[in-house]
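# Structural overview
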Amino acid sequence: MGIEKCRVFQTDVIDPYRNLAAEELLLREVRPDELVLYLWQNDNTIVIGRNQDAYQESGVDEFRAAGGHIARRLSGGGAVFHDLGNLNFTFLVNSADYDLPRQMSVIQKAVGQFGILAEFTGRNDLVAGGRKFSGNAFYSNGKQRYHHGTILIAGDVSRMKAFLTPSKEKLASKGVQSVESRIVNLRDLNPAVTPDSMRTALIRSAEEVYGVSAENGSWSDLPGKSWEEKTAVYGSDDWVLGKKSRYNREFRMRVPEGDVTLRLFIRQGRIMEAEVRTDCMDPDWASGIRRKLVGTSFRQTDLRNAGVPGEIVAKMAE
């Protein structure tokens, strides 16, 4: 039947753990034939993808010592820096109504209201004049799906550069030398762009794209106890940093899916344990690779027969 209703949830809360918990609960609560648009901000926060290693992506101890927060989201993809010069958006729908080009067009039309041409490029980027202002990521629980991302409006690029540490291979794959050289604040393209004016533009754009009138959602619809419990999970080191695995071989590589770090514990020629860290956009990709590795003989032929992608096997053999 398509989208017949749009509910907008906005918050002034800047706690990343509470905001990520709200996002997960909103996904569970989304109703048939409706779009939920969630607009939110975090301050002084690095958010890493579902399968990334926090210590590889950022100076965790230094950032925390400076009062920053490290958070892990459910979706795949890479690490991003959030401050109050950045606005986050999330589109939440039932799986049957998920339409990435349509959702992206909401962002593009909203930015277009300020005379800025936005293009979708690469795996997950929105760019203006060839420079990135929005990174996007995706998650599904089976019945519902969400697409969320950032809109860089007036972010502190110096802090972003100081605390995010993408691999040289990742930057080279994008043809740039640094984080700073590949991004742009929308305010630099049009001073009228602010987080508040962008919120208004996004709501107006969603109404136009979906042909519905947006209404404000009620936060009382979310179960308070579950919200508190989820907030505690998102803020825990078990979730954010993960448990350290034992390993005696480590491999770092870049494959078509993204940057990958494999940590393997091999005994008597067989892989007994495996940890897969990656910025692959598919949050389930890493667990699939891990299942193929564990229990398999550490020989190229056996690894390929187990379904481990040839690019990974070849990199391990180098």
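Below: a short report on this structure. (Residues numbered from 1 in each chain as written. Predicted model: local features only at pLDDT ≥ 70, side-chain atom pairs only at ≥ 80, totals over all residues. Heavy atoms only, no water.)

### A few points about the nonpolar core
A general feature of soluble globular proteins is that nonpolar side chains tend to end up buried together. Counting residues in each nonpolar core, the largest one holds 39 residues, and the members touching the most others are Tyr-38, Ile-46, Ile-70, Leu-92 and Tyr-234. In terms of residues, this core owes the most to one element, helix 1 (residues 16-29), which gives seven residues. Setting aside residues up to four positions removed in sequence, Leu-92 forms contacts with Glu-23, Leu-26, Leu-27, Val-30, Glu-34, Leu-35, Val-36, Tyr-38, Arg-145 and Tyr-146. Membership of the second largest hydrophobic core comes to 38 residues, among which are Val-184, Met-198, Ala-201 and Val-209. (Core = buried A, V, L, I, M, F, W, Y, C linked by side-chain atoms within 4.5 Å. Buried < 20%, exposed > 50% of the residue type's maximum accessible area, 1.4 Å probe, protein only. Helix = DSSP H or I, 4+ residues; strand = E, 2+ residues; numbered from the N terminus. Contact = heavy atoms within 4.5 Å.)

### Some thoughts on helix 10 (residues 285-293)
Residues separated by three or four positions in an α-helix point in the same direction, a consequence of the helix having 3.6 residues per turn. Along helix 10, the positions that sit buried rather than exposed are Trp-285, Ala-286, Gly-288, Ile-289 and Leu-293. Projected down its long axis, helix 10 shows its buried positions confined to an angular sector of 160 degrees, all on one face. Considering only its buried residues, helix 10 is in contact with strand 12 (249-255), strand 13 (258-267), strand 14 (270-278), helix 11 (300-305) and helix 12 (310-317). (Arc of directions from axis to C-beta.)

### Quick word on the pairing of strand 1 (residues 5-10)
Inspection of the sheet shows strand 1 paired to strand 2 (residues 34-40) by six bridges, in the parallel sense. Directly across from Gln-10, in strand 2, lies its bridge partner Leu-39. Between strand 1 and its parallel partner strand 2, the chain crosses via helix 1, and the hand of that crossover is right-handed. Of the pairings in the sheet, the one linking strand 1 to strand 11 (residues 214-216) comprises three bridges and is parallel in character. Each bridged residue has a counterpart across the sheet, and for Cys-6 the counterpart in strand 11 is Ala-214. (Pairing = 2+ DSSP bridges. Right-handed = clockwise from strand over helix to strand, strands pointing away.)

### Describing the sheet that holds strand 2
Spatial ordering of the open sheet is given by 7-8-9-10-6-2-1-11, a layout of eight strands whose pairing is mixed. For this open sheet the edge positions go to strand 7 (119-121) and strand 11, each flanked by a neighbour on one side alone. Each adjacent strand pair in this sheet contributes to an overall mean axis angle of 25 degrees, direction not counted. Along the sheet, helix 1 contacts strand 1, strand 2, strand 6 (86-94), strand 9 (131-140) and strand 10 (144-152); its crossing angle with strand 2, the most-contacted strand, is approximately 175 degrees. (Axes fitted to C-alpha atoms, helices over the stretch in contact; angles between N-to-C directions.)

### What about unusual backbone geometry?
Glycine aside, negative phi is the norm for most residues, and most peptide bonds take the trans geometry. Within the chain, Asp-33 stands out as a residue other than glycine whose phi angle is a positive 65 degrees. Mapped onto the elements of the fold, Asp-33 is located in the loop between helix 1 and strand 2. Of note, the phi angle at Asn-44 is positive, near 55 degrees, even though the residue is not glycine. Mapped onto the secondary structure, Asn-44 falls in the loop between strand 2 and strand 3 (45-48). On the accessibility criterion, Asn-44 (15% relative accessible area) is buried.

### Considering the sheet that holds strand 12
Two strands in a sheet stick together by hydrogen bonds in their backbones, pointing the same way (parallel) or opposite ways (antiparallel). If you walk across this open sheet you meet the three strands as 12-13-14, and the pairing is antiparallel. One side of each edge strand has no neighbouring strand; the edge strands of this open sheet are strand 12 and strand 14. Taking the axes of each pair of neighbouring strands and ignoring which way they run, one obtains an average angle of 20 degrees across the sheet. Pairing between strand 13 and strand 14: eight bridges, direction antiparallel. Looking at the pairing, Leu-264 lines up with Ala-274 of strand 14. Those strands touched by helix 10 are strand 12, strand 13 and strand 14, and its axis lies near 165 degrees from that of strand 14. Together, strand 12 and strand 13 form the strand contacts of helix 12, whose direction differs from that of strand 12 by roughly 130 degrees.

### A few points about helix 4 (residues 100-112)
In this model helix 4 runs 18 Å from its N-terminal to its C-terminal C-alpha over 13 residues, within 8% of the 18 Å that 1.5 Å per residue would give. For helix 4, the full list of buried residues reads Gln-103, Met-104, Ser-105, Val-106, Ile-107, Ala-110 and Val-111. Contacts from the buried residues of helix 4 go to strand 6, strand 7, strand 8 (125-128), strand 9, strand 10 and helix 7 (195-210). (Expected span 1.5 Å × (residues − 1).)

### Looking at the pattern of salt bridges
Enumeration according to the criterion identifies 19 salt bridges in this entry. Ionic pairing is found between Arg-263 and Asp-53, a salt bridge with its closest N-O pair at 2.8 Å. Residue Arg-263 is located in strand 13, and its partner Asp-53 is located in the loop between strand 3 and helix 2 (54-57); the two are separated by 210 residues in the primary sequence. According to the relative accessible area criterion, Arg-263 is buried, its value standing at 9%. The residue Arg-277 makes a salt bridge to Glu-275 at a minimum N-O spacing of 3.0 Å. Here Glu-275 falls in the buried class, since its relative accessible area comes to 13%. Overlapping salt bridges bring together Asp-53, Glu-250, Arg-252, Arg-263, Glu-275 and Arg-277 as one network. (Salt bridge = Lys/Arg side-chain N within 4 Å of Asp/Glu carboxyl O.)

### What about the packing of helix 4 against helix 7?
Two numbers describe how helix 4 lies on helix 7: the axes approach to 8 Å, and their chain directions differ by 130 degrees. As judged from the angle between their axes, helix 4 and helix 7 are oblique. Helix 7 is crossed by helix 4, and the crossing has right-handed handedness. Residues Arg-102, Gln-103, Ser-105, Val-106, Ile-107, Lys-109, Ala-110 and Val-111 of helix 4 form the contact with helix 7, whose participating residues are Met-198, Ala-201, Leu-202, Ser-205, Ala-206, Glu-208, Val-209 and Tyr-210. Considered class by class, the residues forming the contact of helix 4 with helix 7 number 10 nonpolar, three polar and three charged. (Parallel < 35°, antiparallel > 145°, perpendicular 65-115°, else oblique. Left-handed = near helix turned anticlockwise from the far one by under 90°. Nonpolar A, V, L, I, M, F, W, Y, C, P; charged D, E, K, R; others polar.)

It is worth stressing that arrangement in space is one thing and function is another; only the former is reported here.
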